[in-house]
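Inside the fold
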Amino acid sequence: MNKKLLFVTGIVFVFVIVALVWYFFFATPKDGSLLVEKQYPVTSTSLPPRFLFIGDESDTTDSKPSSFTSVTQKKEDPLLRIWDKPTTGNTFIENTILKEITATTTAGTGTVLTRSQIRATTTILLFVDRETGFVYGYDTQNVSLFQITNTSVPGVHDAYIYNNGKSILFRYADRENESIVSLVATLPNISPSMSPTSLTNEEYLNLNVSSVTVSDDGAALFYALTTEDSSNIYELRNGKSTFVASSPFREWILGANAGRLYATPKASSYAFGVVTTVPNFIPISKNLAGLQITPGAGGYISSFWNKGEIETRFERAGDSFAFPFRVIATKCGFLDRTVGVCGVPINFSYDMNLPDDWLKGFTSFKDELWIFDVTKREGSLYYSFDESLGDFDIINIKGNTLFISFINKKDGNLWLIQRVVVENRAI
């Protein structure tokens, strides 16, 4: 009996040894992905694209963003998506380049090839990636993207490029101290052929810069700084801040055009606002609910509530008229001294609490581009978007005689329209 028990125990022991050896040295799982993929206890639904930069403060100095593949449309296409991530600070500049000219001449029985360089200008669209704070450029002549800076400024709320692309101001939230941080810096020389370099002359402004606007000549910017019981307005030019005015009111929104600096209260349908001029804060408009303005063409576009509906007008000394469409003023921009363009909603509803719900992101629009001429007092449909691209809720319109750039508020993507192509085709 003892021999049988010993024999069975030996067999079991040998089996255990063989099983352990096989398990640790020879066994492999049928599906290795179960061992390497992260398993999440909640749904993996991603955040909307415009919120993807929140909380991402990793060091991305050496990373190369995938958005270099953003420009996929052909050059002939009037609408180009320049950047497929949240952006801000879109600004056009004219950049001087050296252009090589090749020519052939006849010398005797042979042909001589000659090369020479001339100075030329090209239009560059500058912008900031909100996730990283890197500054990029889009060369409209060569249809190419290039990175300008590699200094990381994560979680940028907005940015303002001025001084013909030589200077920049970033604003971002300091959640720990519950304040707005404003960083001013000098940009490196802008050239598509150069590698990205660092920002220089970095300087922090006082906390809580509540509003910023670039001067109409693009050489300087103005900013409002809030205190406990008032606000102060400064001009920043050539790296130097100069005091402009002080007001007991804290919530000013600034705008500039034709040598004038405008200030309006923060817009709300629940409160009346007026348009004033700085430094005396003299009202130049009536008390209007939900008032917003976009300065340009020697005056400004205003939108406000009037008898239960939004009204949009152009105002300047001795001239005032209503637009043929309804739009919030900050969805408009000027292309020159007389012509402008607006993102006009086609799903406009008077049940919307505007501009409050739109500013807070509770509601959005589906826009078309309308162009207007303040001298002729005319406006017409300019461009309708292909429905396959989704809805466009347009902000930050900037433009010139050749191009229009804007940001889609829904996802922060940056787009460009070639005016010549649009104007030579039927919409």
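Residues numbered from 1 in each chain as written. Predicted model: local features only at pLDDT ≥ 70, side-chain atom pairs only at ≥ 80, totals over all residues. Heavy atoms only, no water.

1. Quick word on the pattern of salt bridges
Our working definition: The working definition used for a salt bridge is a side-chain nitrogen of Lys or Arg within 4 Å of a carboxyl oxygen of Asp or Glu. Helix and strand assignments come from DSSP, with helices taken as H or I runs of at least 4 residues and strands as E runs of at least 2, each series counted from the N terminus. Note on classification: 1.4 Å probe, protein chains only; a residue is buried when its accessible area is under 20% of the maximum for its type, exposed when over 50%, partly exposed between these limits.
Under the definition given, this model contains ten salt bridges. Of the charged contacts, one joins R171 and D158 as a salt bridge, the two residues approaching to 2.8 Å between their closest N and O atoms. Highlighted residues: R171 in strand β7 (residues 167-174) and D158 in strand β6 (residues 156-162), separated in sequence by 13 residues. Like R171, the residue D158 is buried in the burial classification. K331 serves as the salt-bridge partner of D367, at 2.7 Å between the closest nitrogen and oxygen. On the criterion of sequence distance, the pair formed by D367 in strand β25 (residues 367-373) and K331 in the loop between β22 (319-322) and β23 (332-334) is long-range, its members being 36 residues apart. With respect to class, D367 is no different from K331; both count as buried. If you follow the salt bridges from partner to partner, you end up with E311, R313 and E315 in one network.

2. Comments concerning the sheet that holds strand β17 (residues 276-278)
For clarity, the threshold we go by: In this analysis, strands are considered paired if DSSP registers two or more bridges between them.
With antiparallel pairing, the four strands of this open sheet are ordered in space as β14-β15-β17-β18. Because the sheet does not close on itself, it has two edges, and the strands there are β14 (252-257) and β18 (282-283). Sheet topology places β14 next to strand β15 (residues 260-265); six bridges connect them, and they run antiparallel. When the bridges of β15 are listed, L254 appears paired with A263.

3. Here's the deal with the state of the cysteines
Test applied: Criterion for a disulfide: a pair of cysteine sulfur atoms at a distance within 2.5 Å.
Counted by the stated rule, this structure contains one disulfide. Here C332 connects covalently by a disulfide to C342, the sulfurs 2.0 Å from one another. Taking the sign of the S-S torsion, 105° for the link of C332 and C342, the bridge is right-handed. Of this pair, C332 sits in strand β23 while C342 sits in strand β24 (residues 339-345), and the two are ten residues apart along the sequence. Residues C332 and C342 agree in their burial class; the two are buried.

4. Thoughts on the confidence of the model for the protein
Under the convention used in this document: Confidence of the prediction at every residue is given by pLDDT, a number between 0 and 100. When checking whether two residues touch, look at their non-hydrogen atoms; a contact exists if any pair is within 4.5 Å.
Per-residue pLDDT for the protein has a mean of 84; in total, 79% of the residues score no lower than 70. Mean pLDDT across the elements of the protein ranges from a minimum in helix α2 (residues 33-36), with 30, to a maximum in strand β28 (residues 403-408), with 98. A low-confidence stretch, residues 28-69 (pLDDT under 50), is modelled with 37 contacts involving residues beyond four sequence positions or located in other chains.

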